[in-house]
Amino acid sequence: MPAYPRDLRALAPALAGACRGIFAGGGRGAAGPALSVADQALVSACNFATTIVLAHALGLEAFGLFSTAWIAVLLTVSLQLGLVVCPMISIGPGLPGEARHAYYAIVLVHEAAFLALAGSAVAIGLALAFGDRTLALAAGTACAAHLAQDFCRRYLFARGRPPVVLGIDALNQGVKLAALILLSRSAMLTPAHALEVIAASAALSCLCAIPFRGALAWRAGAFGAASRRQWQSGRWLVLTGLMQWLSGYGGLLIAGALLGVTLIGVLRAAQSILGVLNLIRDALENIVPPIAGRALAQRGLDGLLPVIGVTAAIGFAGGLGFTALLALTGKSLLAAAFGPGMAAYAWVVAWYSLLFPVSLVSFAQICAFRALERTGAVFAATAAAAAINLAFVYPAVRWFGIEGLLGVAIAAEVLVCLVLAGLLRRVLKARPSDTLGGLQAA
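Summarised in this report is the structure supplied together with it. Everything numeric in this text was worked out from a predicted model, so none of it was measured.

**Observations regarding the overall build of the chain**
Scanning the chain from N- to C-terminus turns up 14 helices and zero strands. From first element to last, N terminus to C terminus, the chain shows the α and β order α-α-α-α-α-α-α-α-α-α-α-α-α-α. Across the 442 residues in the chain, those meeting the buried criterion constitute 49%.

Here it is, written out as structure tokens:
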């Protein structure tokens, strides 16, 4: 097993080289990561603004109907991430030449099939649930278009084109916000119209992305092997997403039943304040997995370990810095955003932020498992944390209140980190082959 570098000065050149390789041609040097962060900031800000416009224009009941339809769309986004996107951004960048072009062509076929199934399922499900065919059709169309746009941006990140991603996201968000504001001012905005606007802006963004798709090469003989490789990695990621939902929301629902809805409101306010931290995590999701996949393919474990080590070290140190900052400013932030009555819960923000540095270390380890295509370990760690969370959250909340809920959440996140560390150490001792089943030349 290769030794870990002794300090960050030894790690930094390796990561810098990996970054230059993955973003060659589309965003050299630091430009790729910087554009990724800028893009994620743009998307997060525009999504927040879209929520405000819809909530004010639709009213409580109609906005609730829209939100219910959108929850169904978000479920399909989670499934697409696990089955198609996450395997793609870890596997694709590490493949050589023609094998890479063939792999991306096969993934596009997978995505087209998933879009058809997901859009149809959402439309049929909502038609049966609400009996409103107009809303159901709009939701199904919005689902397919939104999934396609989300896939396009992540596909282009994987192919090293972050400037294009920023462009198509700016187009999508700008057209969507402008149209929604115009409809709201003319009192023509309905849940169905809002979904149609989302579908149209996403479709326009996808059309503009087509010229930048990169080289593709169809190999019918490679379809089966590539599909099995996607499934071997993606099946565990889908299950991991379900476990994360149980761990994140199961305990919250139990605590809300015991302590009342005020608790849920406080935690949602804390999550809003911590939104900037999620932005960083989302940006890293676009940056690190392709770098890790390329580093493993080019230099084996000697290339992968520096990427994971630097990501974990920077994530932990930066996360602790944000936690300290929020401990000092949380009270004023809560008061400014949600009113003076929320200032008493500033300590919740500080406690909640402790999850962030630990989760970034876990994220670095997860990127290693995704690059190694051994995502069953990620599911095992997440399932263990979910089991601990659900087993202890009821007595913890009953005895200690909101402090008990936060304590269990932090303990579960630490457990994920420790389990992943142990499993990763076992994998590294086995020293897997540097060749991990890539598409072979015909």
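Having seen the structure, we can now continue with the description.
**Looking at the pattern of salt bridges**
Enumeration according to the criterion identifies three salt bridges in this entry. Across the salt bridge formed by Asp150 and Arg154, the nearest N and O atoms sit 3.2 Å from each other. A residue pair is termed a helical-turn pair when its members lie 3 or 4 positions apart in one helix, as Asp150 and Arg154 do in helix 4 (residues 133-158) at four residues. Here Asp150 matches Arg154 in class, with each residue buried. Each of Asp39, Arg153 and Asp169 takes part in one network of salt bridges that share partners.

**Regarding helix 3 (residues 97-130)**
Counted at 1.5 Å a residue, the expected span for helix 3 with its 34 residues is 50 Å, and the 49 Å between its end C-alpha atoms agrees. Looking one or two residues past helix 3, Gly131 carries a phi angle of roughly 70°, positive in sign.

**Some remarks on the side chain of Asn172**
Among the structural elements, Asn172 can be located in helix 5 (residues 162-185). A distance of 3.1 Å separates a polar atom in the side chain of Asn172 from a polar atom in the side chain of Ser201.

**Here we look at unusual backbone geometry**
Here Ala187, not a glycine, exhibits a phi torsion of approximately 60°, which is positive. Among the secondary structure elements, Ala187 is positioned in the loop between helix 5 and helix 6 (191-209).

**Some points on the packing of helix 11 (residues 346-353) against helix 14 (residues 402-430)**
Contact geometry for helix 11 and helix 14: axes closest at 10 Å, N-to-C directions at 15°. With respect to their mutual orientation, helix 11 and helix 14 come out roughly parallel. The handedness of the crossing between helix 11 and helix 14 comes out as right-handed. In this structure, helix 11 uses Trp347, Val348, Trp351 and Tyr352 to contact helix 14, whose residues at the interface are Ile402, Glu403, Leu406, Gly407 and Ile410. In the contact of helix 11 with helix 14, the residues fall into seven nonpolar, one polar and one charged.

**Here's the deal with the nonpolar core**
Phe66, Met88, Tyr103 and Leu195 are the most contacted members of the largest nonpolar core, which totals 57 residues. Residue assignment for this core shows that the elements contributing at least two residues are helix 2 (31-91), helix 3, helix 4, helix 5 and helix 6. Contacts of Phe66, omitting those with residues within four sequence positions, involve Leu54, Leu58, Pro191, Ala194, Leu195 and Ile198. Residues Ala292, Val361, Ala364 and Cys367 belong to the second largest nonpolar core, which totals 33 residues.

The rules behind these values
- Residues numbered from 1 in each chain as written.
- Predicted model: local features only at pLDDT ≥ 70, side-chain atom pairs only at ≥ 80, totals over all residues.
- Heavy atoms only, no water.
- Helix = DSSP H or I, 4+ residues; strand = E, 2+ residues; numbered from the N terminus.
- Buried < 20%, exposed > 50% of the residue type's maximum accessible area, 1.4 Å probe, protein only.
- Salt bridge = Lys/Arg side-chain N within 4 Å of Asp/Glu carboxyl O.
- Expected span 1.5 Å × (residues − 1).
- Polar contact = N/O pair within 3.5 Å; in protein donor to acceptor, adjacent residues only side chain to side chain.
- Axes fitted to C-alpha atoms, helices over the stretch in contact; angles between N-to-C directions.
- Parallel < 35°, antiparallel > 145°, perpendicular 65-115°, else oblique.
- Left-handed = near helix turned anticlockwise from the far one by under 90°.
- Contact = heavy atoms within 4.5 Å.
- Nonpolar A, V, L, I, M, F, W, Y, C, P; charged D, E, K, R; others polar.
- Core = buried A, V, L, I, M, F, W, Y, C linked by side-chain atoms within 4.5 Å.

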